[in-house]
Amino acid sequence: QISALNQQGTARNAFLRLRSLINMAGGNLDGALSDIKEAVALSPHDRDNLQQNGDILMKLGRAEDAINVYKQVLTIDPNNRFALISLGYASRSAGRTDDAERYFKKLAQVDPNSHIPYLALGDLYTSRRDFTPAQAAYSKAYAISPKHALIVAGGMNAAIEAHNLNLAGDWFKRVTDPMLTEPQILREQERYLSFSGDYQKSEQVGEQALKLLPTDRDVIVYLGYDLLHMERWDDLLQLTAKYNDVLPKEPDIPLLAGYGHKHTGQREAAAKDFTEAIARDPHATTAYVNRGYMLNDLHQPQEAAVDFETALKQEPKNGEAHLGLAYSDLDLRKATAALRNADLAEKELGDSRDLHVIRATAFGRLDSLGKAANEYRVALRFTPDDPALHLGLGNTMFAERRYHPAIDEFQIAAKADPQDPEIDAMLARSYANLDDHENTMHFVELAERNASTKPANSNAVDDARLSNIYVETGQALNTLGEQNAAIERFTRALDAPHSDRVAVRFAIAQTMAQQGHNDDAQRQVALGLMEAGAGATSPVSGAQFIQAADVFRGMHEYELSQGYLERARKAGAPDPAVRIGMANNYLAIGDTMRAKAELDAVKASSDGDPDYQFLLAQANVFRQEHRSAQAQTSFAQASNAEGEDLTAQEGLLETGGEEGYSINPKLSLLSNFSIDPIFEDSTVYVLDSKLDATSPVSSTNPGLLPPPRSSTQTQWTAAYHLHFNFLPPVSGFYQVRNSRGSISVPATNSIVSRNTIDNTFNFGVNPTIRLGTNTLTLNSGIQATIRRDASSPAEINQNLLREFTYITSSSFFNVLSFSGYVIHEHGPFTNNGQNSAQNTAALDFRVGAPWGKTALVTGWGFSDQKFSPKNYENHFTSSYIGLERRFGSHINVRGMVEDLRAWRVFGANSAIAQNLRPAAFVDFTPRKNWEIQASSSYSSTRGFHIYDATQNGFSVSYARPFLRKMTDAGGPVTYSYPLRFSAGVQQETFFNFSSGHGQQLRPYFSITIF
C-alpha cells in the first residue's frame, strides 16, 4: 500500500510538472505557478520542481522569490549547474551584480568545459562597462565553443561599446555563414559596419536584422543613422514615421526625423522633431543643439541661445553648442560674445570655415574691418568658390571704401551665383561710388529683376529680400545724386512684404536730409521708431541708432544726434563707434577738447590698429587744434585705410596744401608761382587828378585826366613750416616778385613806370589760444622786404620792415566768427631821403552757423601811410556788408556792397575820393578736382563818375594729387599733395573814359606746388 502511494505521488508530481510546462508555453503563468507549487508540495526536495518554480517566478518578474527558490536547489545540490546559472541571471536582474558574478564564476569552476558561464560573465562585465574582463570572458567562451553565435555577438558588442573598432573587427571576422541566421549577429554586424563607415553594407545587414528583430531598438536606430549618413532623406523619414509609435520612448527616432526634415528644408518640422526628442529624453544634448540650429535658421536667436546654453550645462565642452551659440550671438548683435564662443568652439572642434565666417561677421559688426577681411580670406581657403564668402569679403571692402577690390569680389560671387540680387545690388552701390553711371544703372536693373523672382518655397526671409534690395538700389541711386529715383525705391521697399521698416525709413530720412527737407527726414526717423515700438517691424539695432544719429548730425541737430548715440550704446552698438560719433558731434560745434577726450577713450580701449572713422575724426581734431602736420598724417592713414574714400582724400589734399611737402617730421615746404594783373582802385585816379597837377583837373576834361593803368605782377613764393616739440608751430616764406607797368606813387605824388623786384623774407609763430570751447589762432612775426626798381629807382627803391599779427577765430556760439590783422610797416627810401610808416588793420565777421547755407558777411579795414620828413599822408578805409549763400555742395555765391573812402595830403594840399562798389562772386566746383571762379563788380566813383568802371574776372583751376610714400610708426603711408594749375583773365572797363584807354584785359596764371 505504501509502495502504491509512492507510485501514485510520483505520477501526480510528473503530471503537475508537465501541465505547468504546458501552461508556461501557453502563456498561462499563473496556472503554471499553481501547478508547480502543488508539485513542490508533493516533492519538496525535487530539484526539477524547484528549478521550474524559480523559472516561472522569473518570468513573472519576481526575481527575489526566484532567487530564494534557486538557493533551495543549491542547498540540495551545491554544484547544480542549472541553479548556478539561474541564480546568476536572477541576481543580475535584481541588480545584485556582485552575487551574479560569484554564481557565474562558481559555475565555471563546476563546469570548466562549458562556455555558458564565460558568456554570462562577458555579458555581465559589458553591462557594467568593464570591457577588459568582458573581452577575457568572451575569449574563454569562444575558445570552448567557437561556433556559438552569441559569443561572437557578445564579443563584437563589447568591443564596439569600448570604441575599439580593431578588436570589433577581429570578432567580425569570426562570423561564419551559419551564424548569419542569428539576429544578434546581424545586429552587431550592422553596428560594426556603421561605426566603420561602411553605411551601405550596414544598411543592407540592418534590413536583414529588421526582419528577425522587427522592434529591436538598436537595429532600427542604426539603420536610421545609416540612411542619415548616406543622405537618403526620404527613406529616413519613412523609417522614422513607421517606428515613431513602435518605439514611443526612444528619443533617437524623432531626432533622426529632425535630421531628415532639416536637410529637406522643413525647418519648422525639424524643430518639432527635436522638441519631441527632448520630451522623450530631457538630457538629450544633441537634440538641444540641433533644435538651437533650427531656431537660428528660423530667426529665433533668443530661443536658440537658450537651447545652446542648456546643452552646454549638460556638456560644457560641446563644440557644436558653442558654435551654434556664436551664431545666435551674432543675430542678437552680441559680437564680442560671438567671438568668445567661436574661440571655445575651436578648442573642441578645431579649425573650420564656419569659425572664420563668424569671426568675420563679428569683427565687421565691431567696425574692425581689417580683421573681418582677413577672416573672410581664411574662410575662403576652405571653400574658395563660395559666393557667400566672396560677397562677405566684398561687403567688407565696400565698407572700407575700397570699391575696385570690392567689385572684384562681387564679380567672383556673381559668376558662382548669377541670380543673387544682393550681389547685383552691391555692384550697383560700388559703381555708384566710383561715379560710373552706366554700370550702376545696369546692376540696379539686374538686382531688382532678380529680387522680384520668388523661390518656389519662399518664406518670410525670402519675401523680405525684395525690400532689402530696393533699399540697396535706392542707396546706389542716391549716391549718384538721383535722389528722386532713390526715394521711389525706398517707397517700394516700404510696400514690400516683411520689410525692415526701420532700415527703409532711416534710408529715406538720410536722402531727405541731403535734399534739405529736414522736417520730413525727422518725421521718417520718428515713424521708424514708432513702428519698431509697436512690433510692426524688427527692433531698432545699435547700428541703426548710429545711422539715425548720423542723419541728425547731417541736419546739424547735434543734441538729438547725441541722444541717439546714447540709445545706440544701450542697444549694444560697439563703444568705439558710439564714441567716434560723439566726437564728430563735438567737432561740429567746435568743442575740440571733448571730441579729443572721446577719441582718447577709444584709443585706450582698442587692441588693434585705429580704423578709418577714428583716423578721420582724429585728423579733424588736429585741424581744429591747428596742428596741420598731425592732421596730414591722420588723413594719410585714413586714406590708406579706406582706399577710395573721397572724404579722407580731400582732407589729405587740403592739409597737404596747407602744410606742404614734408621733408621730415619737423620741416615741410610749399611753393607757388603766379602771373596776375594789378588794377588800382578808381579812388586813386580821383586823388591823382586832384593833386598831381598844379591845379585840380575837372572831370569834364578827360584829355587832361590820368588815363587807366595797370601792372603785371610775376611772383614766386617758397614757404616753410617748422614743428618743434612743446613750441608753437613756426611758418614763413621767401618771395621774389616783379611788377611791371604804371603806378601812382604817394611818396612823390606822381605816376611812374615801374619794373620793380621785391625780395621778401617772412618769419612768424602760430600759437593757438583756447577760450572755453573756442579758439583763436594767431600768426605773428616780422617781414623784411628789399625793393629795387629799374625804371623809377628814386620814387620806389626802399627797404621795409614789417611787424604783423593775423588772427582767426572759431565760431563763437556757432553764430559768429571773425578774422583780421594788424600790420605796421616802415622803412627808408634809398634814393630820395624819405621814410614811410604805414599802419594797416582789418576785421572781418561772418554771422551764421558754420554749417549754415546762408551767412551775413561784413567787415572794416583801414590803411594809413605817412611820409617824413615831408608832410605827406595817404589814408584809405573800407567797409562792406553782404550775404553769402551755398547752393548744394558745388556752388557758393557771395554778394556784397563796399564803401571805399580815400584821402591824400601832399604838402599844403589835400583831396578826398569815394567809391561805392557792389560786387558778386561765384565759386563753382563741377568735379572734385575742378574749380571755376567768376567775379564782377561795379565802381561808382561818387562825384567823379568819369572813373566809374566795371571789373570782371574768370578763372579755371585744376588740381591733381602728387603722391609720396613715407614710413611712420604704423608702417608705409601714402601722402597726397595738390598740384594746382589756374588760368583766367581779368578785365576792367572805364565806360565813361573816351581817350582810348577805357578797357584793359590782362591774363592770369598760377601754379601751386604742394
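Because the structure is predicted, anything quoted here is derived from the model rather than measured.

Criteria and thresholds
Residues numbered from 1 in each chain as written. Predicted model: local features only at pLDDT ≥ 70, side-chain atom pairs only at ≥ 80, totals over all residues. Heavy atoms only, no water. Helix = DSSP H or I, 4+ residues; strand = E, 2+ residues; numbered from the N terminus. Rg over C-alpha atoms; globule rule 2.2 N^0.38 Å. Buried < 20%, exposed > 50% of the residue type's maximum accessible area, 1.4 Å probe, protein only. Contact = heavy atoms within 4.5 Å. Lys, Arg positive; Asp, Glu negative; His and termini not counted. Charge placed at Lys NZ, Arg CZ, Asp CG, Glu CD. Pairing = 2+ DSSP bridges. Salt bridge = Lys/Arg side-chain N within 4 Å of Asp/Glu carboxyl O. Polar contact = N/O pair within 3.5 Å; in protein donor to acceptor, adjacent residues only side chain to side chain. Phe/Tyr/Trp six-rings, centres within 6.5 Å; stacked < 30°, edge-to-face > 60°. Axes fitted to C-alpha atoms, helices over the stretch in contact; angles between N-to-C directions. Parallel < 35°, antiparallel > 145°, perpendicular 65-115°, else oblique. Left-handed = near helix turned anticlockwise from the far one by under 90°. Nonpolar A, V, L, I, M, F, W, Y, C, P; charged D, E, K, R; others polar. Expected span 1.5 Å × (residues − 1). Arc of directions from axis to C-beta.

### Some details on the overall build of the protein chain
Helix and strand counts for the protein chain come out as 39 helices and 18 strands. What you see for the protein chain is a C-alpha radius of gyration of 48 Å, clearly larger than the 30 Å of a compact globule of 1010 residues, by over 25%. For the C-alpha atoms alone, the extent of the protein chain along its principal axes is close to 190 × 55 × 45 Å. For the protein chain, with 1010 residues in total, the buried portion stands at 48%. Sequence-distant contacts in the protein chain: of pairs separated by 6 or more residues, those separated by 24 or more amount to 54%. Across the protein chain, the centroid of the 95 positively charged side chains sits 3 Å from that of the 116 negatively charged ones.

### What about the pairing of strand E14 (residues 909–927)?
The sheet contact formed by strand E13 (residues 891–906) and E14 spans 16 bridges and is antiparallel. By the bridge assignment for E14, Asn-892 is matched with Asp-923. Between E13 and E14, which pair antiparallel and follow one another directly, the connecting turn spans two residues, one of which, Gly-907, has a positive phi of 65°. Note that E14 and strand E15 (residues 930–941) share nine bridges and pair antiparallel. Looking at E15, one finds that Ala-919 is bridged to Ser-937. Counted between consecutive antiparallel strands, the loop separating E14 from E15 contains two residues.

### Regarding unusual backbone geometry
The omega torsion of the bond from Ser-868 to Pro-869 falls at 10°, within 30 degrees of zero and hence cis. Structurally, the position occupied by Pro-869 is in the loop between strand E11 (854–868) and strand E12 (872–887). Positive phi, close to 60°, is recorded for His-299, a residue that is not glycine. Mapped onto the elements, His-299 comes out in the loop between helix H17 (285–297) and helix H18 (301–314).

### Structural notes on the pattern of salt bridges
As a working rule, side chains carrying opposite charge can pair if their charged atoms are close by. On inspection of all chains with the given rule, the structure shows 56 salt bridges. For Glu-188, the salt bridge identified is with Arg-187, shortest N-O distance 3.4 Å. A relative accessible area of 19% places Arg-187 in the buried class. In this structure, Arg-505 and Glu-531 form a salt bridge, with 3.0 Å as the shortest nitrogen-oxygen distance. Of the two residues, Arg-505 sits in helix H29 (residues 501–515) while Glu-531 sits in helix H30 (residues 518–533), which places them 26 residues apart along the sequence. Residue classification places Arg-505 among the buried positions, given a relative accessible area of 10%. One network of salt bridges, in which partners are shared, links Arg-129, Glu-161, Arg-187, Glu-188, Arg-191 and Asp-216.

### Description of the side chain of Ser-863
Tracing the backbone through its elements, the reader meets Ser-863 in strand E11. Only 2.8 Å separates the side chain of Ser-863 from the side chain of Gln-838, close enough to count as a polar contact.

### Re the packing of aromatic side chains
Evaluated as defined, the whole model comprises 27 aromatic pairs. When the ring of Phe-804 is compared with that of Tyr-806, the centres are 5.8 Å apart and the planes differ by 55°; the resulting orientation is tilted. By relative accessible area, which is 3% here, Phe-804 ends up buried. Taking 4.7 Å as the distance between ring centres and 45° as the angle between the ring planes, the aromatic pair formed by Trp-930 and Tyr-958 counts as tilted. Placement of Trp-930 in strand E15 and of Tyr-958 in strand E16 (residues 949–968) is noted, with a sequence separation of 28 residues between them. Accessibility expressed as a relative area gives 37% for Trp-930, which makes it partly exposed. Since its relative accessible area comes to 26%, Tyr-958 is described here as partly exposed. Through a chain of ring-to-ring contacts, the aromatic side chains of Tyr-685, Phe-944, Tyr-947 and Phe-990 assemble into a single cluster.

### Some remarks on the packing of H17 against helix H19 (residues 319–331)
One way to put it is that H17 packs onto H19 with a least axis distance of 10 Å and a crossing angle of 25°. By the angle class used here, H17 and H19 are roughly parallel. Crossing angle aside, the handedness with which H17 passes H19 is left-handed. Facing H17, whose interface residues are Val-289, Tyr-293 and Asn-296, H19 presents Glu-320, Ala-321, Leu-323, Gly-324, Tyr-327, Ser-328 and Asp-331. Among the residues making up the contact of H17 with H19, the classes are represented as five nonpolar, three polar and two charged.

### Focus on helix H24 (residues 403–416)
Spanning 14 residues, H24 covers 20 Å between terminal C-alpha atoms, matching the ideal 20 Å at 1.5 Å per step. For H24, every residue scored as buried is listed here: Tyr-403, Ala-406, Ile-407, Glu-409, Phe-410, Ala-413 and Ala-414. The buried residues of H24 occupy an angular sector of 165° when projected down its axis, which confines them to one face. Packing partners of the buried residues in H24 comprise helix H23 (387–399) and helix H25 (421–433).

### Things to note about the pairing of E12
As defined by bridge partners, E11 adjoins E12 across 14 bridges and the pair is classed as antiparallel. Of the residues in E12, the one forming a bridge with Ala-855 is Glu-884. As judged from the 16 bridges shared by E12 and E13, these two strands associate in the antiparallel manner. Directly across from Arg-885, in E13, lies its bridge partner Val-893. Linking E12 back to E13 in an antiparallel pair, the connection comprises three residues, with Gly-888 at a positive phi of about 65°.

From the geometry alone we can't say anything about function, so treat these as descriptive.
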